[in-house]
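Residue-level structural notes
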Amino acid sequence: MIERGVGDVFEEVKEKLLEQPESIVNILETFDCHKVRINGREIRCARDEGSNPTAVVLRLTNNENLLIKDYELNTVLDLINYLIKIKNASFKDVMNAIKQELHLDSIYNYRKKTGLFGGLYDKINRSNDEISVTTYPEEILEQYGNMPNLLWLQDGISLSTQRKWGIGYDVLSQRITLPIRTSTGEVMAVKGRLNGEPEEFEPKYLYIVNGPMSQTLFGYSENYSSLYEGDIFVVESEKSVLKLDSWGYNNVVALGSNSLSTTQAKLLMSLNPKSVTFLLDKSLPLENTKRNADLLKTFCTMRQLKMRYWDWEDNLTLDDKSAPCDDTKEEFEYIINNEIEPIENLTEEEDEI
């Protein structure tokens, strides 16, 4: 088990890779890029054997996001997404390659001893809601197996989605198991859903392995390539992420509650999103959405971010406390096409009141 406080791990790791570009060379070669070489202030290579050996370029200066330009494909992606989308790697495989190059047991455990910018970064990142997180080896999930569940299949969560998220079963507690992962894909908790309807006062969900959900976004690592520089849906529950994934929506993350934490806001902004749409459950006071949007705005000082929300007040289809995906795919698509409003409208309405 590895314990640490939360920071923007991706930024720190990318900076470290830029400091030792030979590690980037090794990572590119691991994923079958050819003729990889450092050429002054850039790395050039061929996408695959027989391709132009100078067509793929990663600059080593003024490139904190590790962007790669592929001139043959006319595309620009960060290193992680390039390997996922162009080289058909998994997020997990890329993270493992980075761990190997930086000699880390856990990416989540990485932190520069001296701190970025003379420690200024650490001071900014210290906030009251940042909590120590423990990560666990992948082997902890072996006791639950990778076992799709009929109850969730009947609820509309497909077999492929259940396999993607590693749904298992805990025989001792008779609960469906759902791994909760850090932003870098490491196991930090296991949530259990009762396999059936609970008795009075019996919780439907509980943690089999405890972990602070406020320190991650559920779906961040699994959906990374669809989230980065995209339009992001933010929902409350992990189950909503699974159901929407089954419908082909991979641009979704869950808070695990109805309140955005500072760490979750930072993670959202680290994805450089085009837009963020809050899809909190019906009948939750819209003031909750406004607070979440206001917090996210504090991390948008250097850019404009389009923010939207589900205005459920005119929705006559779903019951109170329902998530927007609790009915059919058609109902969900009606909601996102007809009941989504700019966050500015919410502010204006509240000002009038």
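Residues numbered from 1 in each chain as written. Predicted model: local features only at pLDDT ≥ 70, side-chain atom pairs only at ≥ 80, totals over all residues. Heavy atoms only, no water.

**Considerations on the nonpolar core**
Among the nonpolar cores identified, the biggest contains 96 residues, and Ile24, Leu28, Leu83, Val94, Phe218, Leu296 and Phe332 are the most heavily contacted of them. If one sorts the elements of this core by residue count, helix H4 (residues 91–102) sits on top with six residues. Residue contacts for Phe332: discarding those within four places in its chain leaves Phe233, Leu244, Trp247, Tyr249, Leu279, Pro324 and Cys325. With seven residues, the next largest nonpolar core counts Tyr136, Ile140, Tyr144 and Val190 among its residues. (Core = buried A, V, L, I, M, F, W, Y, C linked by side-chain atoms within 4.5 Å. Buried < 20%, exposed > 50% of the residue type's maximum accessible area, 1.4 Å probe, protein only. Helix = DSSP H or I, 4+ residues; strand = E, 2+ residues; numbered from the N terminus. Contact = heavy atoms within 4.5 Å.)

**Focus on the layout of surface pockets**
In this structure, the second largest pocket encloses a volume near 790 Å³. Around the second largest pocket sit 43 residues that line it, and Lys92, Glu138, Arg181, Gly185 and Glu186 are the ones nearest its centre. Mapped by element, the contributors of at least two residues to the lining of the second largest pocket are H4, helix H7 (159–164), strand E9 (175–181) and helix H8 (224–227). By residue number, the principal contributor to the lining of the second largest pocket is H4, which donates five residues. Looking at the lining of the second largest pocket residue by residue, the class counts come to 16 nonpolar, 16 polar and eleven charged. (1 Å grid on protein atoms, 1.4 Å probe; cavity = no way out; pocket = protein on both sides within 12 Å on 5 of 7 lines; lining within 4 Å. Points joined across faces, edges and corners; volume = space filled by probe spheres on them. Nonpolar A, V, L, I, M, F, W, Y, C, P; charged D, E, K, R; others polar.)

**A look at unusual backbone geometry**
At Asn88, a residue that is not glycine, the phi angle is positive and equals roughly 60 degrees. Counting through the fold element by element, Asn88 comes out in the loop between helix H3 (79–85) and H4. The exposure class assigned to Asn88 is exposed, which follows from its relative accessible area of 67%. Here Phe201, not a glycine, exhibits a phi torsion of approximately 70 degrees, which is positive. The residue Phe201 is located in the loop between strand E10 (187–194) and strand E11 (205–209) in this model.

**Concerning a negative patch on the surface**
On the surface, Asp319, Asp320, Asp326 and Asp327 cluster together to form a negatively charged patch. Take Asp319: it is sitting in the loop between strand E15 (306–310) and helix H12 (329–338). (Patch = residues over 30% accessible without salt bridge, like charges linked within 9 Å, V, L, I, M, F, W, Y side chains within 5 Å. Areas by Shrake-Rupley, 256 points an atom, 1.4 Å probe, with all protein chains shown as cover. Salt bridge = Lys/Arg side-chain N within 4 Å of Asp/Glu carboxyl O. Lys, Arg positive; Asp, Glu negative; His and termini not counted. Charge placed at Lys NZ, Arg CZ, Asp CG, Glu CD.)

**Observations concerning a nonpolar patch on the surface**
A contiguous nonpolar surface patch, about 260 Å² in accessible area, is contributed by Leu150, Leu153 and Leu159. Inspection of the secondary structure puts Leu150 in helix H6 (residues 150–154).

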